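Structural description and commentary
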Amino acid sequence: MRSPIPDYLTEALLSVEFDHSGQTADYIPELATADPDCLAVAMCTHDGRLYSQGDCDVQFSIQSISKPFVYALALADRGFDEVLDKVSVEPSGDAFNEISFEPGTGRPLNPMINAGAITAHTLTGPRGATPSEQTSRIIDGLSAFAGRRLEIDAAVYQSEITTAYRNRALANMLRANDIIDGEPLEAVVGYTRQCSLLVTVEDLALMAATLANRGVNPVTGAPVVPAPVVRQVLSVMATCGMYDGAGDWMTRVGIPAKSGVAGGLIGALPGQAGIATFSPRLDQHGNSVRGLDLFRRFTSEMGMHLMEVPPAGPSVVRGRRVLGTGEHAVQIVSLQGSIRFASAERVLRDLEDVPLTQKTVAISLVRVISVGDVARRMLLEAIRRLTLDGHDVYLIDPDRVLPDPDPGDGGRVRVVATREDITARLKRSAT
Ligand code: GLU
């Protein structure tokens, strides 16, 4: 069978193709020369399958889409405390280049507006790294997200740096507020280089998919940033990624996203996919007009809104039964699905409401797909309490979905691969 997904993406492009509203950015003169009719979309699943349609080979400068990735590198390199001390995480409701700082601290309000992004740029690499080492760190880091070597577009860089009066003003203010150290102009030079990196829509989809995949590039397998960093970055993208259109975006589209003035737009759907669009005409907020339309379409047609609550799945407790009789009786509680907090709570409730009747009990994870960390601790605590209540507890876990099964403190559990292993053991101990 031929997958219908490429056809769907082509159809989506056709549905926006004739919208010529908006304008290419011209405050960076080189961007005004872009072909305004370019249109492309790419989607990369969390396990690395890439679909793309339209002008997917056209390269354009990454611009502000570099911001979440550089923020991620800063968090990974310097830790949360140092970065949060210099850049807050509050939506600004302002334009991307607004000259606004948090009253009292002088910090930029978030890392998605230019003031915060210039600061994040200076927080990459080890402490004491030179500006050129920081730029190299960023090119290497963004290339790891993209899974290929990215290069700077010299013409875009030159064009922006010669007209970057506002960003220079921002950097000077940051220096005066003691938020950045070093020469402000060097920070703007590095930041402008970062914004001039050339990407295709496919690169962007893979970069977003790396965020969707807990910081591991799903194509190259390279761990790029740790999972807690990804959580922070996606949260900030969700609340601040779309400039002064952030609230409207979050309610209508509901995907952590970031746009850039060259016409790129990315969305990262945790655990599912990275999506990117490219269309250079922008609306008054600086977001790609046709990109916004495509994302709205994806959300409504593919149910991608982050706050969309999935219908309840089948109960986590699949069933209970007693096998064998007398001394050889084993009471098996079979669980199923992916177990996180709410499902684990359901298991505890079930064990409390209907006490187990046999001395030997087994919790079967044969049909369980995954056990989240909090669920793991809750299940182990249940096992500990069952031991203290006088039960001999087994865990049937052939795929080891529950790692490190140590209930601690008076608890005891034996891990086996099949229920026959338990009956065999009982028979052995009876003889
Ligand atoms: N390099 C651009 C600037 O700082 C990025 C703006 C954007 O993409 O929104 O003005």
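Residues numbered from 1 in each chain as written. Predicted model: local features only at pLDDT ≥ 70, side-chain atom pairs only at ≥ 80, totals over all residues. Heavy atoms only, no water.

All right, on to the overall build of the protein then. Helix and strand content of the protein: 15 helices and 12 strands. Dimensions of the protein along its principal axes, counting C-alpha atoms only, are 85 × 50 × 35 Å. Buried positions account for 52% of the 431 residues belonging to the protein. Considering only residue pairs separated by 6 or more positions, the protein has 68% of its internal contacts joining residues 24 or more positions apart. In the form shown here, the protein has an accessible surface area of approximately 19100 Å², with 51% of it arising from carbon and sulfur atoms. Side chains of the protein give 41 positive and 52 negative charges; the mean places of these two sets differ by 9 Å. (Helix = DSSP H or I, 4+ residues; strand = E, 2+ residues; numbered from the N terminus. Buried < 20%, exposed > 50% of the residue type's maximum accessible area, 1.4 Å probe, protein only. Contact = heavy atoms within 4.5 Å. Areas by Shrake-Rupley, 256 points an atom, 1.4 Å probe, with all protein chains shown as cover. Lys, Arg positive; Asp, Glu negative; His and termini not counted. Charge placed at Lys NZ, Arg CZ, Asp CG, Glu CD.)

This next bit is on the state of the cysteines. Under the counting rule described, the total for this entry stands at 0 disulfides. Of all cysteine sulfurs, the one in C56 lies closest to C38, which takes part in no disulfide; the gap is 11 Å. Cysteine C195 remains unbridged, with the sulfur of C240 as its closest cysteine sulfur at 17 Å. (Disulfide = S-S within 2.5 Å.)

Attention now goes to the sheet that holds strand 8 (residues 317-323). Spatial ordering of the open sheet is given by 8-9-10-11-12, a layout of 5 strands whose pairing is mixed. On the outer flanks of this sheet lie strand 8 and strand 12 (414-416), each paired with one strand and no other. Going from strand to strand, the sheet's axes swing by 25° on average, the running direction of each strand aside. When strand 9 (residues 330-339) meets strand 10 (residues 360-371), the two strands line up parallel, connected through 8 bridges. (Pairing = 2+ DSSP bridges. Axes fitted to C-alpha atoms, helices over the stretch in contact; angles between N-to-C directions.)

Let's shift gears to the sheet that holds strand 5 (residues 257-259). The 5 strands lie next to each other as 2-1-7-6-5, forming an open sheet whose pairing is antiparallel. Pairing within the sheet leaves two strands with one partner each, and these edge strands are strand 2 (50-54) and strand 5. Within this sheet the neighbouring strands show an average axis-to-axis angle of 10°, counted without direction. Bridging between strand 1 (residues 40-45) and strand 7 (residues 273-278) involves 6 bridges; their strand directions are antiparallel. Bridge pairing links A42 to A276 in strand 7. Against the sheet, helix 9 (residues 201-212) engages strand 1, strand 2, strand 6 (264-269) and strand 7, with an angle of about 150° to strand 7.

The backbone of Q63 shows a phi angle near 50°, a positive value even though the residue is not glycine. Mapped onto the secondary structure, Q63 falls in the loop between strand 3 (60-61) and helix 2 (66-78). Of note, D404 is a non-glycine position whose phi angle comes to about 45°, a positive value. Relative to the helices and strands, D404 is located in the loop between strand 11 (392-396) and strand 12. Relative accessible area serves as the criterion here: at 55%, D404 is assigned to the exposed category.

The end-to-end C-alpha distance of helix 7 (residues 165-176) is 16 Å, a good match for the 16 Å that 12 residues give at a rise of 1.5 Å each. Residues of helix 7 that are buried include every one of N167, L170, A171 and L174, and no others. Around the axis of helix 7, the buried residues are gathered within 95° of arc, so they sit on the same side. Pointing more than 90 degrees away from the buried face of helix 7 are the exposed residues Y165 and A176. Check the buried side of helix 7 and you find it contacts helix 4 (114-122), helix 6 (154-161) and helix 8 (184-195). (Expected span 1.5 Å × (residues − 1). Arc of directions from axis to C-beta.)

Here helix 7 crosses helix 8 at 130°, and the two axes come no closer than 8 Å. The angle between the axes of helix 7 and helix 8 places the two elements in the oblique class. Of the two elements, helix 7 crosses helix 8, and the hand of that crossing is right-handed. Only P184, L185, V188 and Y191 of helix 8 make contact with helix 7, whose side of the interface consists of N167, R168, A171, N172 and R175. (Parallel < 35°, antiparallel > 145°, perpendicular 65-115°, else oblique. Left-handed = near helix turned anticlockwise from the far one by under 90°.)

Another point: the nonpolar core. One finds L142, F145, L204 and L211 to be the most contacted residues of the largest nonpolar core, which totals 54 residues. Mapped onto this core, the elements with two or more residues apiece are strand 1, helix 2, helix 5 (131-146), helix 9, helix 10 (227-240), strand 6 and strand 7. Top element by residues in this core is helix 9. It accounts for 8 residues. Residues in contact with L211, not counting those within four places in the same chain, are F69, F145, V230, V233, L234, M237 and A268. If you look at the next biggest cluster of nonpolar residues, it comprises 26 residues, including A344, I363, L365 and A375. (Core = buried A, V, L, I, M, F, W, Y, C linked by side-chain atoms within 4.5 Å.)

On the secondary structure map, A268 appears in strand 6. Measuring from C-alpha to C-alpha, the distance between A268 and R425 comes to 49 Å, with 157 residues separating the pair along the chain. Setting aside residues up to four positions removed in sequence, A268 forms contacts with A208, L211, A212, L234, I255, P256 and A273.

Taking 1.5 Å per residue as the helical rise, helix 2 with its 13 residues ought to reach 18 Å, and the 18 Å between its terminal C-alpha atoms agrees with that figure. Restricting attention to buried positions, one finds in helix 2 the residues S66, K67, P68, F69, V70, Y71, A72, L73, A74, L75 and R78. Count one or two residues on from helix 2 and you reach G79, which has phi positive near 90°.

Quick look at the layout of surface pockets now. Over the atoms a probe the size of a water molecule is rolled, and this reveals where empty space is left. What the largest pocket holds in volume is close to 1100 Å³. Around the largest pocket, the lining comprises 24 residues; the ones closest to its centre are A212, R214, P270, G271 and R340. Among the elements that make up the lining of the largest pocket, the one with the highest residue count is helix 10 (6 residues). For the lining of the largest pocket, a count of residues per class yields 11 nonpolar, 9 polar and 4 charged. (1 Å grid on protein atoms, 1.4 Å probe; cavity = no way out; pocket = protein on both sides within 12 Å on 5 of 7 lines; lining within 4 Å. Points joined across faces, edges and corners; volume = space filled by probe spheres on them. Nonpolar A, V, L, I, M, F, W, Y, C, P; charged D, E, K, R; others polar.)

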